[in-house]
Amino acid sequence: MKKKHIYCALSLLLFVINPLLAQHQENSASQNQEAEDPPNIIVIIPDDLGWSDVGYHGSEISTPNIDRLAASSIRFDHQYVYPTCTPTRVSFITGRYPSRFGVTGPDYGEVIDMGTPTLPSLLQENGYHTAIAGKWHMGSPPYTPLKYGFDASYGFFDGQIDPYTHEYKTETATTRRRSWHRNDEYLDEEGHATDLITEEAIRVINEKRANPFFLYVAYSVPHHPLNEPREWTSQYEHLTMSPSRKWFAASVTHMDDGIGKIVDALNETGQRENTIILFISDNGGQKSWHSDTLYHGAYSDKPHTVLGNNYPLKGWKQDLYEGGIRVPAFINWKGTLESGTAEMPVHVSDWLPTFYGAAGIDRDLSALQLDGQNIWPYLTDQQPVNTDRRMYWKVPHQSAVREGAWKLIEDHDTGGFELYNLDNDFRETHDLSEEYPEKVEQLTELLEKFEENDRQE
Ligand SMILES: [Ca+2]
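Definitions and cut-offs
- Residues numbered from 1 in each chain as written.
- Predicted model: local features only at pLDDT ≥ 70, side-chain atom pairs only at ≥ 80, totals over all residues.
- Helix = DSSP H or I, 4+ residues; strand = E, 2+ residues; numbered from the N terminus.
- Rg over C-alpha atoms; globule rule 2.2 N^0.38 Å.
- Buried ≥ 20, exposed ≤ 12 C-beta atoms within 10 Å, placed from the backbone.
- Contact = placed C-beta atoms within 7 Å.
- Pairing = 2+ DSSP bridges.
- Axes fitted to C-alpha atoms, helices over the stretch in contact; angles between N-to-C directions.
- Parallel < 35°, antiparallel > 145°, perpendicular 65-115°, else oblique.
- Nonpolar A, V, L, I, M, F, W, Y, C, P; charged D, E, K, R; others polar.
- Core = buried A, V, L, I, M, F, W, Y, C linked by C-beta atoms within 7 Å.
- Domains from an automatic or database assignment.
- pLDDT = per-residue confidence, 0-100.

This part is about the overall build of the protein chain. Along the protein chain, the regular secondary structure elements total 12 helices and 16 strands. Over its C-alpha atoms the protein chain spans a radius of gyration of 21 Å, differing by no more than 12% from the 23 Å that the globule rule assigns to 457 residues. Judged by the C-alpha coordinates and their principal axes, the protein chain covers about 55 × 55 × 45 Å. Counting every position in the protein chain, which comprises 457 residues, the buried fraction comes to 53%. Within the protein chain, residue pairs in contact and separated by at least 24 positions form 67% of the contacts whose partners lie at least 6 positions apart.

Here's what the structure looks like:
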């Protein structure tokens with residue numbers, strides 16, 4: 001604990017005073033102002049990867065490529081997302097709290113109002129080629145990626161698929177089992193989804209074009225159902241772990257290999273130093289999963305009894321405790337951004353205005369009513385870290401706000417509150433709501449203020 005705090009303090013200093021960093025900023029700042037050569041942007045989003053599911057956070061899972069990339073990146077110690085897929089992805093792509101669209105959990109149908117400006121549509125307007133490889137889950141046909149600013153799409157529409165059949169778990173009013181597509185048209189293909197998504201990302205990188213690209217790579221793993229080839233499970237066979245944790249580990253190492261190939265493709269095409277890479281999980285690890293009936297019963301004899309690991313954070317996917325919403329994340333821009341650890345809280349909605357800043361696009365975004373903030377000036381040390389940052393979450397059973405070190409969680413079922421000071425208690429073990437009633441009152445008012453701008457559904 002103590003060691004961690006010292007490390008964090010040092011890393012904070014790095015952001016405030018590191019002269020090398022300042023020099024790099026100048027370069028990037030002038031580059032941005034000129035905007036003659038805007039960078040490519042790649043976003044890599046694993047599905048349900050928990051805090052302790054990457055090697056650089058001490059996991060038993062082997063992730064050599066992610067670790068190598070993280071070591072030369074700005075690693076976020078407090079990257080906040082939502083505790084399930086759709087809200088995080090909607091917040092990322094719109095720069096707004098997902099509850100502004102009435103989105104509080106996994107969702108289908110028209111999730112984002114047609115015509116809403118998105119990160120890909122804004123980059124598209126500014127000359128970017130925009131492509132998605134992998135999971136969409138921000139709407140069901142006809143509310144598909146090409147309608148929201150992507151020039152090219154490939155992957156699956158729904159929230160989860162079988163890695164080999166590429167089918168969704170079941171039929172519903174808004175979804176079919178078919179999910180795999182190219183350019184929003186259903187497609188049948190053979191192969192493991194992880195390999196197919198990696199191959200598509202490399203194809204986009206290798207394409208010859210005069211303009212920069214925005215490439216959104218959303219892997220299906222380590223979300224269940226897990227089914228990995230022996231090539232990736234064999235290295236975990238000798239370890240004392242639950243069988244399903246071995247499948248989980250294999251799926252992450254398989255994805256890690258794909259990420260290594262994506263970086264190789266950038267190197268081979270001479271684009272490595274003109275490409276920003278953001279790695280960010282969409283929510284914390286899930287505890288377990290089992291179904292006798294979904295996927296035609298294909299997984300009835302394969303209980304996923306142990307999946308992700310959010311240690312030392314509290315809670316799981318779907319929770320507003322840190323384990324559900326604080327995820328592994330880092331940003332890399334070789335030759336421009338210095339490596340280090342960023343202590344400041346960062347919200348997933350920040351990436352839309354931040355990438356706008358990084359791309360050097362000069363346009364007023366105030367009409368978009370963004371909830372996210374452009375953190376590019378902080379990453380490049382042009383502005384000091386905002387330590388009083390406010391953030392807001394709403395999911396079906398809870399709401400929460402964070403202001404500075406304080407976090408208030410409201411339980412919608414009981415009407416009760418929990419209050420934590422994350423600086424002193426990041427594991428959320430001591431509820432301070434009875435000790436600090438004034439703080440509860442102040443943060444409750446803040447929560448209500450945030451809620452006023454939500455769509456009520
Ligand atoms: Ca997810």
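To continue, consider the sheet that holds strand S15 (residues 406–411). With respect to topology, 4 strands assemble into an open sheet ordered S13-S14-S15-S16, the strand pairing being antiparallel. Whereas interior strands pair on both sides, the edge strands pair on one side only; in this sheet they are strand S13 (390–395) and strand S16 (417–421). Mean inter-strand twist for the sheet, computed between neighbouring axes without regard to direction, equals 10°. In terms of strand pairing, S13 meets strand S14 (residues 398–403) through 6 bridges, oriented antiparallel. Of the residues in S14, the one forming a bridge with Tyr392 is Val401.

It is at 7 Å that the axes of helix H3 (residues 64–71) and helix H8 (residues 243–268) come closest, and there the two elements cross at 50°. As far as their axial angle goes, H8 and H3 are oblique. Contact residues: H3 offers Pro64, Asn65, Ile66 and Leu69, while H8 offers Asp256, Asp257, Ile259, Gly260 and Val263. Grouping the amino acids of the contact of H3 with H8 by side-chain chemistry returns 5 nonpolar, 2 polar and 2 charged.

This paragraph deals with the sheet that holds strand S6 (residues 180–182). Overall, mixed pairing links the 10 strands, which are arranged S7-S6-S5-S4-S8-S1-S9-S10-S2-S11 in an open sheet. Looking at which strands have only one partner, the edges of the open sheet turn out to be strand S7 (185–186) and strand S11 (340–342). Relative to strand S8 (residues 213–218), strand S4 (residues 129–135) is paired through 6 bridges, and the arrangement is parallel. Looking across to S8, one finds that His129 is bridged to Phe213.

Below, the discussion takes up the nonpolar core. The biggest cluster of nonpolar side chains holds 115 residues, and the ones touching the most others in it are Leu215, Val217 and Phe279. When residues in this core are grouped by element, the largest group, 10 residues, is from H8. Per-domain counts for this core show at least three residues from each of domain 1 (2–379) and domain 2 (397–452). Sequence-distant contacts of Phe279, defined by excluding residues within four places in its chain, comprise Ile44, Ile66, Leu69, Ala329 and Phe330.

A word on the confidence of the model for the protein chain. Mean pLDDT over the protein chain stands at 92; residues scoring 70 or higher make up 92%. Predicted confidence is poor over residues 1–35, with pLDDT under 50, and the contacts of this stretch with residues over four places away or in other chains come to 37 contacts.

S8 sits mainly inside the fold: 6 of its 6 residues count as buried. Side chains of S8 alternate between two faces, with Phe213, Leu215 and Val217 and Phe214, Tyr216 and Ala218 buried alike.

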